[in-house]
Amino acid sequence: MEKEIQELILQARNAREKAYAPYSKFKVGAALLTGTGKIYNGGNVENSSYGLSICAERVAILKAVSAGELKLKLMVIYTDTEELTSPCGACRQVLSEFNPKLEVILVNKKGEMKALNLEKLLPEPFGFKKDDHD
Ligand code: THU
């Protein structure tokens, strides 16, 4: 697992380099390990209509899911900052759709790491059973 984490950190850093964040100038990189052992990464993509900006975490997860990879195992979130960056609420909900117990590791420029489970980041996520409503 240690080797996979190092690779995820590398890929999250690479994705951060390619983030498109001319408005906030806050670049984020994410890398996601799936059940097949593949890694999908992403950086945040902003828009001049600010509210349309998409976080790095969602870029990575949408790349994975649209490639048919629905089993998510571990996500690394990297920022080039002193502080660790925790995923926003919208991203927590989107991640939780596919794995409410996803392992998440936050990494900063000092190489500090914090491992958190999505269960802790988003307790009691929204969801419904398909036959539970009209
Ligand atoms: N952002 C992310 O990409 N991930 C997070 O977890 C928090 C925020 C982005 C959105 C926006 O492009 C910029 O950071 C500033 O909010």
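Cut-offs used in this document
- Per chain, residue numbering runs from 1 following the sequence as it is written.
- Owing to the predicted nature of the model, reporting of local features is limited to residues with pLDDT of at least 70; listing and counting of side-chain atom pairs is limited to 80 or more, with chain, interface and lining totals taken over all residues.
- The side-chain numbers reported here are obtained from all heavy atoms of the structure, hydrogens and water having been left aside.
- Elements are defined by DSSP. Helices are runs of H or I of four residues or more, strands are runs of E of two residues or more, and each kind is numbered from the N terminus.
- The globule rule used for comparison is 2.2 Å times the number of residues to the exponent 0.38, while the radius of gyration itself is calculated over C-alpha atoms.
- Residue burial is assigned from relative accessible area. The probe radius is 1.4 Å, only protein chains are included, and a residue is buried under 20% of its type maximum, exposed over 50%, and partly exposed in between.
- Any pair of residues with heavy atoms lying within 4.5 Å of one another is described as a contacting pair.
- Accessible surface area values rest on a Shrake-Rupley calculation with a 1.4 Å probe, where residue burial reflects the displayed protein chains alone.
- Charge counting treats Lys and Arg as positive and Asp and Glu as negative, with His and both chain ends excluded.
- Taken as the charge location is NZ of Lys, CZ of Arg, CG of Asp or CD of Glu.
- How far a helix is expected to stretch is found by multiplying one less than its residue total by 1.5 Å.
- The arc in question is traced by the directions running from the helix axis to the C-beta atoms.
- Any pair of nitrogen or oxygen atoms within 3.5 Å is treated as a polar contact; in protein, a donor-acceptor pairing is required on top of that, and neighbouring residues in sequence qualify only through side-chain atoms on both sides.
- One heavy atom suffices: a residue is near a molecule or strand as soon as one of its heavy atoms comes within 4 Å of it.
- Just so you know the grouping, Ala, Val, Leu, Ile, Met, Phe, Trp, Tyr, Cys and Pro go in nonpolar, Asp, Glu, Lys and Arg go in charged, and all remaining residues, Gly too, go in polar.

(A) Fine view of the overall build of the protein. In terms of helices and strands, the protein carries four helices and five strands. Along the chain direction, N to C, the helices and strands of the protein fall in the order α-β-β-α-β-α-β-β-α. Taken over C-alpha atoms, the radius of gyration comes to 15 Å for the protein, in line with the 14 Å a tight globule of 134 residues would show. The dimensions of the protein, computed from C-alpha atoms along their principal axes, are 50 × 40 × 25 Å. A burial count over the protein gives 40% of its 134 residues as buried. Within the protein, contacts between residues at least 6 apart in sequence are counted, and of these 59% link residues at least 24 apart. With an accessible surface of roughly 8,000 Å², the protein has 53% of that area assigned to carbon and sulfur atoms. Side-chain charges in the protein split into 19 positive and 18 negative, and the spacing between the mean points of these groups amounts to 5 Å.

(B) Representation of helix α1 (residues 2-17) within the structure. Taking 1.5 Å of rise per residue, the 16 residues of α1 would be expected to cover 22 Å, and the 23 Å separating its terminal C-alpha atoms lies within 8% of that figure. Those residues of α1 lying buried are I5, L8, I9, A12, A15 and R16. Projection of α1 onto a plane perpendicular to its axis shows the buried side chains occupying an angular sector of 130°, all on one side. Opposite the packed face of α1, turned more than 90 degrees from it, sit the exposed residues K3 and E17. Buried-residue contacts for α1 involve β1 (28-34), β2 (39-43), β3 (72-79), β4 (103-107) and β5 (113-117).

(C) Broad picture of the side chain of N41. Tracing the chain through its elements places N41 in strand β2. Take N41: its relative accessible area is 16%, and that puts it in the buried class. For N41, the side chain forms a polar contact with the main-chain oxygen of Q11, separated by 3.1 Å. Excluding anything up to four places from it in sequence, N41 contacts Q11, A15, A30, A31, A60 and K63.

(D) Geometry of the site of the ligand. In the vicinity of the ligand, the contacting residues are S24, F26, V28, N44, E46, C55, A56, E57, S86, P87 and C88. N44 is positioned with one of its side-chain polar atoms (N or O) 2.9 Å from an oxygen atom of the ligand. Within the side chain of E57, one N or O atom sits 2.6 Å away from an oxygen atom of the ligand. Out of a free accessible area of 380 Å², the ligand has 78% covered by protein chains. Residues belonging to the shell around the ligand are distributed by class as follows: six nonpolar, three polar and two charged.

(E) Representation of unusual backbone geometry. Phi is positive for K25, which is not a glycine, with a value near 60°. Within the secondary structure, K25 is located in the loop between α1 and β1.

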